[in-house]
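Tertiary structure, described
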Amino acid sequence: MSTTQTIMLARPHWTTDAWLAVLTLVLPLTIYWLAARATGLPLAGLILVATAGGSLFALGLSATRTCRAQIDGSTLRLVAGGLFRHHVPLSALQLDAVQIHYPPRNLGQVVGRRLKGVSLPGVHLGWFSMAYGRAFVVGPANTPVLEIRTGDGGILLAVANPQDALTRIRSALAGR
């Protein structure tokens, strides 16, 4: 019987929350207020815009805080923002070629073009292109990034402690 081990991911930085607030609340409310003044739109529409923006803000906060990395048996299970999931067999991880990227080089400088995912300042979630293929990225902060290649691409994890994450993965591989 195998136990589930959790790899501690980095917490989102407050600047990500600030960007979300600006993009989903401040900007739409400002645009509607200016349009209402210029064209005579009813100011009561601000309530509708605030409600929609608040819903988007809550969705964005939820996405940046529901990232997980767990080792379950012989599989590494990754969840990026609750929207994107990826399961990697531990045997597919190439642990001899692991790279750890430390700040000030942030995740945005490591990943390539977004294929299917979400990118905001301070957070990258989903599938991105890399020079060696597709990579699944779970990166909610400007912290150390653990880059592990797999047979068909790679995974990038923004982790609180890269050495602890590697130790957990290696011990799970040794215990199989």
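Attention in this report is confined to the structure presented alongside it. (Residues numbered from 1 in each chain as written. Predicted model: local features only at pLDDT ≥ 70, side-chain atom pairs only at ≥ 80, totals over all residues. Heavy atoms only, no water.)

**Examining the overall build of the chain**
Definition in use: The way it works is that DSSP assigns letters per residue, a run of H or I at least four long becomes a helix, a run of E at least two long becomes a strand, and they are numbered from the N terminus. Exposure categories follow from relative accessible area, calculated using a 1.4 Å probe and restricted to protein chains: below 20% of the type maximum is buried, above 50% is exposed, and the middle band is partly exposed. Pairs of residues are marked as contacts when any of their non-hydrogen atoms sit within 4.5 Å. Residue-level accessible areas treat just the shown protein chains as cover; the underlying method is Shrake-Rupley with a 1.4 Å probe. When charges are counted, Lys and Arg are positive and Asp and Glu negative, with His and the chain ends excluded. One atom stands in for each charge, and that atom is NZ of Lys, CZ of Arg, CG of Asp or CD of Glu.
The helix and strand tally for the chain stands at four helices and ten strands. Mapped from its N terminus to its C terminus, the chain presents α and β elements in the order β-α-α-β-β-β-β-α-β-β-β-β-β-α. Expressed as lengths along the three principal axes of its C-alpha atoms, the size of the chain is roughly 70 × 35 × 25 Å. Counting every position in the chain, which comprises 176 residues, the buried fraction comes to 41%. Contacts in the chain between residues far apart in sequence, at least 24 positions, make up 54% of those at least 6 positions apart. With an accessible surface of roughly 9300 Å², the chain has 60% of that area assigned to carbon and sulfur atoms. Put simply, the chain has 15 plus and 6 minus side-chain charges, and the middle of one group is 8 Å from the middle of the other.

**Here's the deal with the sheet that holds strand β3 (residues 75–80)**
Let me state the cut-off plainly: The criterion for strand pairing is that DSSP finds at least two bridges linking the strands in question. Every axis corresponds to a line fitted to the C-alpha atoms, with the helix fit spanning only the stretch in contact, and the corresponding angles, defined between N-to-C directions, vary from 0 to 180 degrees.
On the basis of which strands lie adjacent, the open sheet formed by four strands has the order β1-β2-β3-β4 and antiparallel pairing. Each edge of the sheet is formed by a strand with only one pairing partner; in this case those strands are β1 (4–6) and β4 (84–89). When strand polarity is set aside, the average angle formed by the axes of neighbouring strands in this sheet is 20 degrees. Sheet topology places β3 next to β4; six bridges connect them, and they run antiparallel. Note that in β4 the partner of Arg 77 across the bridge is His 87. Along the sheet face, helix α4 (residues 162–174) touches β1 and β2 (68–72) and points at about 165 degrees away from the line of β1.

**Some remarks on the nonpolar core**
Formally: Residues belong to a common nonpolar core when they are buried Ala, Val, Leu, Ile, Met, Phe, Trp, Tyr or Cys residues joined through side-chain atoms within 4.5 Å.
Residues Leu 76 and Leu 93 are the most contacted members of the largest nonpolar core, which totals 30 residues. At the level of elements, β2, β3, β4, β7 (123–130), β8 (133–139), β9 (145–150), β10 (153–158) and α4 are the ones that each hand at least two residues to this core. Residue contacts for Leu 76: discarding those within four places in its chain leaves Ile 7, Gln 70, Ile 71, His 86, His 87, Val 88, Leu 90, Leu 93 and Ile 155. With eight residues, the next largest nonpolar core counts Val 110, Met 130, Ala 135 and Val 145 among its residues.

**A word on the pairing of β2**
Burial along β2 is one-sided: Ala 69 and Ile 71 are buried, while Arg 68, Gln 70 and Asp 72, pointing the other way, are not. Sheet topology places β1 next to β2; three bridges connect them, and they run antiparallel. Each bridged residue has a counterpart across the sheet, and for Gln 5 the counterpart in β2 is Ile 71. One ladder, built from five bridges, connects β2 with β3; its direction is antiparallel. Following the sheet pairing, Arg 68 is matched in β3 by Val 79. Between the antiparallel neighbours β2 and β3 lie two residues, among them Gly 73 with a positive phi of about 70 degrees.

**A short note on α4**
Defined as follows: Any helix carries an expected span of 1.5 Å times its number of residues minus one. Polar contact criterion, stated in full: a pair of N or O atoms within 3.5 Å, where within protein one must be able to donate a hydrogen and the other to accept it, and residues adjacent in sequence count only if both atoms are side-chain atoms.
With 13 residues, α4 should cover 18 Å at 1.5 Å per step; its first-to-last C-alpha distance of 18 Å lies within 8% of that length. Looking at the buried side of α4, the elements it contacts are β1, β2, β5 (94–101) and β9. The N-cap residue of α4 is Asn 161: its side-chain oxygen and the backbone nitrogen of Gln 163 are 3.2 Å apart.

**Some points on the sheet that holds β5**
The strand order across the open sheet built from six strands is β5-β9-β10-β8-β7-β6, with neighbouring strands paired in mixed fashion. The open sheet terminates on both sides in strands that have one partner only, identified here as β5 and β6 (114–120). In this sheet, adjacent strand axes meet at a mean angle of 20 degrees when their direction is disregarded. Judged from the six bridges that link them, β9 and β10 form a sheet pairing that is antiparallel. Within β10, the position partnered with Ile 148 by the bridge is Ile 155. Strand contacts of α4: β5 and β9, with the helix running at about 165 degrees to β5, the strand carrying the most contacts.

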